[in-house]
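What follows is the residue order along each chain.
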Amino acid sequence: MSEALQFWRIDAPGQTLVLSSDGGIPGALYWGPALHPQTDLAALSHACEQEVTGGMIDRLPPLSLCPEASWSFEGQPGLVAYRDGKPLYPRFRLEVTDGEEFTCRDNDLGLSLTFLFEVVGQTISAKATLESDAEITLHHLAAPVLPGPQMGQEIVDFSGRWIGEFQVERAPWRAGIHKREARTGRSGHEHPPLAYFPEAGASNTQGTVFAMHYGWSGGHVMLAEELPSGRRQIQWGHACGTRTVGTRFDTAPLYLAVSQSGFNGCATAFQRLLRDHVVTWPKPETPRPVHYNCWEAVYFDHDMAVLSEIAERAAALGAERFVLDDGWFGRRDDDTSSLGDWEIDRRKWPDGLTPLINHVERLGMTFGLWVEPEMVNLDSDLARAHPDWILGPQDQIEGRQQRVLDLSRPEVRDHLFRKLSALLQENRIDYLKWDHNRLLPIADAAQTEGIYALLGDLRRTFPNVEIESCASGGGRIDAGILSLTQRVWLSDSNDALERLRIQHDAALLLPMSVTGSHVGPRVCHTSGRTIDVRMRAWIAAQRHMGFEMDPCELTDEEAEVLKRVASWWKDNRHWRMQADILRLDSADASVIAEQQLAMDGNRFVVFAGKARSAHQIMPRPLRLTGLDPQALYRIDLVNRDELHHLSRGNTAFKDGPLVLSGQILMQQGLILPWQFPETVWVIEGERQ
Ligand code: DGJ
């Protein structure tokens, strides 16, 4: 039975979502760039009415926030659940709303479905909750379902792998379902929970683009479906079947962004969301410290004398936090044993970690420690004492020779909390690098809820300790984990060339302040490539900078470069940590470039990385973005000392700074001096 139409609008900076209902579940009448405040919503609704021809179905109900199979819906329903083995076909009626929270009810089935919308920064966060009077089995519950743009031809989402995170995938919109599902129990390398829906012709800097990020670390599903009618629906939820029997189910927040300035408008909405609203910073007023991490210097081979010298050299380079990586606990000489035994290895550290911590602090650095609490090796005291705490079947296929503890069990969480608390109480540790190096034997949301609970307890008890989310590099990067951590280890690849690409694409989600990036060894351990220290230094300096090589391998000249770049990084971090990362549309396919623009728009830095030799002879101009066309900007090459004598001609930049208008920089672009592949130009700009 249909009632008079009702309308609601949700306005975030830059976007509007209009919902309407005739008494059933509301549906999105409009989702797009911000509407005028006085828009007549009834007229909008009338204008959106559509005709159906063809006889298969007489009326197309509007696409609801949870399409119901019970209305002859032509596609994937937003809810798939069973009670007593039988499928449920609810018909919800809207019961109550305050314009942000919409509660719908099916009295016959005893089900309530609530949608909650909140404006967070420039995004809209959209969540759904299903409650049942009696137990049900849930297969799929979508966060509020929204229409896909009609003017777009492509779905842009991401794949990835170890040392190859955030690879952009482009698929055409076409009849049927485009499905991405992370079934590994993590947000994962393979299908990061992020997708962009550009309208035709959109680029990094121009055009209309829609984007969605599902803030959940336990694996998710995205369905982008073109229905027979031509309508498009986009659904996100937890990976199907990862929650089973219960009476209450929540989706994670689905963050929505809309841009009329290309991909960058959505990217910066997400960057700001994570930086300003999701991450909680223990000491927001303290500058982000330059890191040193010893993993690629010593691996499991811990020795006080060696690490003390490394610490001295790292501090001299400019490091402000020293992170002791894997190898300090149990009898961990390689990755076959000891996960779970979170006791200091007295063979390597006879007097505990205190002497190293004292040394590190005397050098002016704070101390961080690696842990991997969710995991256990069969060869560990913990596994021997509590084999029943291990998740999954006995004969499971292991990953990195380790298993996963069942974090849904309170006694397992309590045990880990006690162990980690003891470490944090007995040692001056201000940072945990929290690793997660295998897939779950079975994807189960309860595991992720358990991790969130444990991290939450630790954060409350030790509010000054920062945590980094690492999962073999970037295997667990999402707003869920970032609500409990402050940094992600984006990739185990310290190959600056590969990092250039990974960082560029990850900027579609991640702000600078949370994205760890380290200067690796001269010969990269994951690619075998030898990369000049300048390139390695500038690529690390693009994000939250650190070092991860054995500093003893450095020549004096290399050490000087690192000191200089680290000091440049420190001089600029006060504004750069709040800057937007704008990806530039590079006319030269060999150049990957970005512009970091200060919050007030008055200064910027451009990183133009040449990934390979160019197709053409001359460098093509690089267009900047986001500037005031009428303003003048003084621009200068930061690393002019890297000019090569093979770069001939009189490019203006070679001699000194230039003053150019925003219009010129954004239209004509900057002519950069010719450069070798595997080098980066760094250009600073300041409004006059
Ligand atoms: C995987 C991480 O990504 C590395 O950085 C390092 O911490 C190792 N684990 C340690 O086992």
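Our structure's up above, just so we're on the same page.
Residues numbered from 1 in each chain as written. Predicted model: local features only at pLDDT ≥ 70, side-chain atom pairs only at ≥ 80, totals over all residues. Heavy atoms only, no water.

A. Representation of the pattern of salt bridges in the model. The tally for this structure, following the rule as stated, stands at 48 salt bridges. One salt bridge connects D381 with R384, and the closest N-O pair in it is separated by 3.0 Å. Placement of the pair is D381 and R384 together in helix 6 (residues 381-385), with a separation of three residues, close to one helical turn. R384 shares its class with D381; the two are exposed. (Salt bridge = Lys/Arg side-chain N within 4 Å of Asp/Glu carboxyl O. Helix = DSSP H or I, 4+ residues; strand = E, 2+ residues; numbered from the N terminus. Buried < 20%, exposed > 50% of the residue type's maximum accessible area, 1.4 Å probe, protein only.)

B. Representation of the site of the ligand within the structure. Within the structure, the ligand sits among 13 residues, and D325, D326, K433, D435 and D492 are positioned closest to it. D326 has a polar side-chain atom sitting 2.6 Å from an oxygen atom of the ligand. One of the side-chain nitrogen or oxygen atoms of N437 is found 3.4 Å away from a nitrogen atom of the ligand. Computed on the free molecule, the ligand has an accessible area of 290 Å², of which 98% lies beneath the protein chains in the complex. By residue class, the composition of the shell around the ligand is four nonpolar, three polar and six charged. (Near = heavy atom within 4 Å. Polar contact = N/O pair within 3.5 Å; in protein donor to acceptor, adjacent residues only side chain to side chain. Areas by Shrake-Rupley, 256 points an atom, 1.4 Å probe, with all protein chains shown as cover. Nonpolar A, V, L, I, M, F, W, Y, C, P; charged D, E, K, R; others polar.)

C. A look at the sheet that holds strand 35 (residues 679-687). Taken together, the six strands give an open sheet; going across it, the order is 30-31-32-35-33-34, and neighbouring strands pair in antiparallel fashion. Of all strands in the sheet, those with a lone pairing partner are strand 30 (580-583) and strand 34 (658-661), marking the two edges. When the angles between neighbouring strand axes are averaged without regard to direction, this sheet yields 25 degrees. Note that strand 32 (residues 603-610) and strand 35 share eight bridges and pair antiparallel. Bridge assignment links F607 to a residue of strand 35, and that residue is V682. (Pairing = 2+ DSSP bridges. Axes fitted to C-alpha atoms, helices over the stretch in contact; angles between N-to-C directions.)

D. Representation of helix 4 (residues 304-317). If you check helix 4, its first and last C-alpha atoms are 20 Å apart, about what 14 residues at 1.5 Å a residue would give, namely 20 Å. Of all the residues in helix 4, the buried ones are L307, S308, I310, A311, A314, A315 and L317. Buried residues along helix 4 sit in contact with strand 20 (291-293), helix 3 (295-298), strand 21 (321-324), helix 5 (354-362), strand 29 (544-547) and helix 12 (556-576). The N-cap of helix 4, judged by a side-chain oxygen 3.0 Å from the amide nitrogen of A305 a few residues on, is D303. (Expected span 1.5 Å × (residues − 1). Contact = heavy atoms within 4.5 Å.)

E. Layout of the environment of G364. Note on placement: G364 falls in the loop between helix 5 and strand 22 (366-371). Residue G364 is classed as exposed on the basis of its relative accessible area, which comes to 55%. Measuring from C-alpha to C-alpha, the distance between G364 and F322 comes to 9.8 Å, with 42 residues separating the pair along the chain.

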